[in-house]
Amino acid sequence: MTDSTDIRNKKNWILLGLIFSLGAFLRFYGLTDQSLWFDEVLTVRTAEREFAGIITDLSVGWNCSPPLYYFMLHLWMKVFGTGELAVRMLPALWGLLLIPAIFYVGSSLFNRNVGLISAYIVAIGEFHIRYSQEARMYTMLALLGLLSMYFLYKALTTDRKSSWVGYILFTILIIYTHNYGMFITSSGVVFAFICFVTQKKVYRNFFISLSVIAIGYIPCLLIFHMNQYGTSSLLGWLPSMRLFHVFNTFLAFSGLSLGSFALNHVPIIAIGVIIFLYFFLTGIFSIKPYKKIFIPYVEANMNLILLLCYLLVTLAIPMLISIKQPIFMPDRHSISAWPAFALILGLGLSKIRGKYILVLSLILITLISSVSWYWYYFVSVKSCDKKIARFVDSRARENDVIVFAPEWFDLPVNFYLQTSLKQIGFPERSSKELVVDSEPAERKPDDMIPIIESRMGNSRGTVFIVCRIDDTNLDVQAVKSLYYNKSSKQASDTQMMKNLFDRKLKKIEEVTYERDYDSINVTVYHTGVR
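Residues numbered from 1 in each chain as written. Predicted model: local features only at pLDDT ≥ 70, side-chain atom pairs only at ≥ 80, totals over all residues. Heavy atoms only, no water.

1. Focus: the overall build of the protein chain
Formally: A helix here means a DSSP run of H or I that spans at least four residues, while a strand means a run of E at least two residues long, and both kinds are numbered starting from the N terminus. Buried, partly exposed and exposed residues are distinguished by accessible area as a fraction of the type maximum, computed with a 1.4 Å probe on protein chains only: under 20%, between the cut-offs, and over 50%, respectively. In what follows, a contact means two residues having at least one pair of non-hydrogen atoms within 4.5 Å. Here the open area of atoms and residues is found with the Shrake-Rupley method and a 1.4 Å probe, where only the protein chains shown may cover a residue.
The number of helices and strands found in the protein chain is 23 helices and five strands. A total of 530 residues make up the protein chain; the buried ones form 56% of that total. Taking all contacts inside the protein chain whose residues are at least 6 apart in sequence as the whole, residues at least 24 apart take part in 73%. Total accessible area on the protein chain is roughly 23700 Å²; 63% of this is exposed by carbon and sulfur atoms.

See below:
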């Protein structure tokens, strides 16, 4: 008996090692192929500051997140630098750690089969791979959120001091990692309330732990959330919640949110949705037999109730808030609850009778996921700022002029730009622009030629215009946004400015770069012959 158990354990560890290796390959493959996009560069620039500067930026600036990830990235960059590989390695490692963590949690809540299958789902999940390759805090949030919920479960079921300490620690960490940490915490409170009702027992240690967490949250509330509440930098550009966003969340969880690429692969997407939905529902309805009495029924399935609270409450709160005040993006913020989805899916797959049928099912899910991998690695273009910078560097001389429309395009392009250029923003000043009091801070198309002439003086040179020319794939509600288009008028003004340049300057070259959700146009003009 002992020998067979040892052999089984050895096989489990070998399988976990293989799964971990596959997950590592998928997360580190092509890690620097994509340019850093706006949010990533903003994260890096914020993290470059000292701790006090980071707090100031996060409390009053665009970057409305708690500071823990930025502190960690700051220390990381002190050692490894600020290059693409360095800053993306940190979230990739956080993403990789979720594989053994979910194996342990799945094994503890259910059994080793659930742990292994859930770890495999995490390893191949395009949704998680995508954010493991983004220099943001999302994979850190997913891992810490899972550990917070797990330690709460252990604390409520064992009442051990070490579990309560783990719950307090990881809950405070998620609150200081991302704003959605509060929603994960809320899902834990709902789960605890269900435990109290079903077990007719109130855990004094839970309220003590919650009090400690609340005290730990106060600085975050006062410094970050109160300063940002109701401002456009926190809430101003997201689309209002619609019913189809629930379906979009499921597509993202399944790794099937593939943008326009999905339109050419509808049969594969449909098959994938059916398969993922089937095993997800199998996991939900794999509970022990219903005994017609609610409380014994819930008591016998507390592990699954934990996952349902983790998944549904964490998503339901921001979704409901977003009906009135948008704060939710289906294919981004939902990663806060994604580990619960992976565990429920793993539970459903573990119910398959027959080893060969299980293997075939996993192969089928892998084949469907491979379509998502292909889209992510070889089709999707989230940012083209590296290409834009190379294009400009290959043609520019120092003291030429570059115009960014909208003005915030300067941040990601400047991350890669090597040539020192005179920079101008439209319709507002760019971050590196020379401030001239006589010039308007908010520009109209007619203002731009005189501003360029004043920058160049008597010299002649080259003018580069980097502007957005297409916004058709964005949600209609998101078009009027802080970061993309403050209004349709801004898009119209940008086109008017470009038409004015075409008439008054000598156009010599034009190139367009396609991204997943729009196109970026770079046009080169001469103001005269040098």
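2. Section: the pattern of salt bridges
Condition: Here, a salt bridge means any side-chain nitrogen of Lys or Arg that lies within 4 Å of a carboxyl oxygen of Asp or Glu.
For the coordinates displayed, the defined rule picks out 16 salt bridges. Note that E48 is salt-bridged to R45, the shortest N-O span being 2.9 Å. The class for R45 is partly exposed, based on a relative accessible area of 31%. The shortest N-O distance in the salt bridge between R455 and E433 comes to 3.0 Å. Here E433 lies in the loop between β2 (422-425) and α21 (448-456) and R455 lies in helix α21, a separation of 22 residues in the sequence. Like E433, R455 is buried. One connected set of salt bridges, linked through shared partners, spans K498, D502, K507 and E510.

3. As for the packing of helix α14 (residues 266-284) against helix α17 (residues 338-350)
Inclusion rule: Axis angles are defined between N-to-C directions and span 0 to 180 degrees, where every axis is a line fitted to C-alpha atoms and, for a helix, only to the segment in contact. The labels follow the angle: roughly parallel below 35 degrees, roughly antiparallel above 145, roughly perpendicular from 65 to 115, and oblique for the rest. Asp, Glu, Lys and Arg are counted as charged, while Ala, Val, Leu, Ile, Met, Phe, Trp, Tyr, Cys and Pro are counted as nonpolar; the rest, among them Gly, fall into the polar class.
Relative to each other, α14 and α17 sit at 85 degrees, their axes nearing to 7 Å. Of the possible angle classes, the one that applies to α14 and α17 is roughly perpendicular. Listed contacts from α17 to F276, F279, F280, T282, G283 and I284 of α14 are F341, I344, L345, L347, G348 and L349. Among the residues making up the contact of α14 with α17, the classes are represented as nine nonpolar, three polar and no charged.

4. What about the environment of T527?
You can see T527 is positioned in the segment after β5 (519-526). T527 has contacts with M456, R460, G461, V463 and L505, leaving out every residue within four places of it along the chain.

5. Comments concerning the pairing of β5
Test applied: For two strands to count as paired, DSSP must find a minimum of two bridges between them.
Taken across its eight residues, β5 has seven buried, putting it largely inside the fold. As paired elements, strand β4 (residues 506-514) and β5 share eight bridges and run antiparallel to each other. Opposite Y513, over in β5, you have I520 as the bridge partner. As consecutive antiparallel partners, β4 and β5 are separated by four residues.

6. Here's the deal with the state of the cysteines
Cut-off, in case you're wondering: Disulfide: a pair of cysteine sulfur atoms within 2.5 Å of each other.
Evaluated as defined, the whole model comprises zero disulfides. No disulfide involves C195; its sulfur sits 8.2 Å from that of C309, the nearest cysteine. Look at C195 and you get buried, because its relative accessible area is 3%.

7. Digging into unusual backbone geometry
In this chain, A405 is followed by P406 through a cis amide linkage whose omega measures 5 degrees. Summarising the element assignment, P406 is placed in the loop between β1 (401-405) and α20 (410-416). For the peptide bond that leads from F426 to P427, omega is 10 degrees, which places it in the cis range. When you line up the elements, P427 lands in the loop between β2 and α21. A positive phi angle, close to 60 degrees, is found at D159, a residue other than glycine. Relative to the helices and strands, D159 resides in the loop between α8 (138-158) and α9 (161-175). We classify D159 as partly exposed; its relative accessible area is 35%.

8. Describing a nonpolar patch on the surface
The criterion, for reference: Excluding any residue in a salt bridge, patches collect residues exceeding 30% relative accessible area, merging like charges within 9 Å and nonpolar Val, Leu, Ile, Met, Phe, Trp and Tyr side chains within 5 Å.
A cluster of nonpolar side chains, F25, Y29, Y374, F378 and V379, forms an exposed patch at the surface whose accessible area comes to about 520 Å². If you tally residues by element for the nonpolar patch, the top one is helix α18 (residues 355-379), at three residues. Among the structural elements, V379 can be located in helix α18. Assessed through its relative accessible area of 33%, V379 is described here as partly exposed.

9. Side note on the nonpolar core
Put simply, the test is: Here, nonpolar core means buried Ala, Val, Leu, Ile, Met, Phe, Trp, Tyr and Cys residues that are tied together by side-chain atoms lying within 4.5 Å of each other.
Membership of the largest hydrophobic core comes to 150 residues, with the highest contact counts inside it found for L156, F191, L311, W338, L349, I388 and V392. Looking at this core, the element that brings in the most residues is α8, giving 14 residues. If you look at the next biggest cluster of nonpolar residues, it comprises 18 residues, including V403, I451, I452 and V463.

10. What to know about α17
This is how it is decided: Working rule for helices: expected span equals 1.5 Å times residues minus one.
The terminal C-alpha atoms of α17, which comprises 13 residues, lie 18 Å apart, in line with the 18 Å expected from a rise of 1.5 Å per residue. The buried count for α17 comes to twelve of 13 residues, which makes it a mostly enclosed element. All of the buried residues in α17 are W338, P339, A340, F341, A342, L343, I344, L345, G346, L347, G348 and L349.

11. Section: the packing of aromatic side chains
Keep this limit in mind: Within 6.5 Å between ring centres, the rings of Phe, Tyr and Trp (the latter by its six-membered ring) count as paired, and their orientation is classed by plane angle as stacked under 30 degrees, edge-to-face over 60, tilted in between.
This structure, assessed with the given rule, holds 36 aromatic pairs. With centroids separated by 4.5 Å and ring planes inclined at 40 degrees, the aromatic side chains of F51 and F71 adopt a geometry described as tilted. Remark: F71 occurs in helix α4 (residues 68-80) and F51 occurs in helix α3 (residues 51-60); sequence separation between them is 20 residues. The class of F51 is partly exposed, set by a relative accessible area of 35%. Ring centres 4.8 Å apart and planes at 85 degrees place the aromatic pair Y180 and F183 in the edge-to-face group. The exposure classification of Y180 matches that of F183, with both residues buried.

12. Description of the packing of helix α10 (residues 181-199) against helix α16 (residues 302-324)
As a reminder of what qualifies: By definition, turning the near helix anticlockwise from the far helix through less than a right angle yields a left-handed crossing, and turning it clockwise yields a right-handed one.
Following both chains from N to C, one finds α10 and α16 inclined at 135 degrees, their axes separated by 8 Å at the closest point. When the interaxial angle is binned, α10 and α16 end up oblique. Every pair of crossing elements has a handedness; the one defined by α10 and α16 is right-handed. Judged by residue contacts, F183, I184, S186, S187, V190, F191, I194, C195 and T198 of α10 engage M302, I305, L306, C309, Y310, V313, T314, I317, P318 and I321 from α16. Grouping the constituent residues of the contact of α10 with α16 by class yields 15 nonpolar, four polar and no charged.

Worth remembering: the numbers are spatial, not functional.
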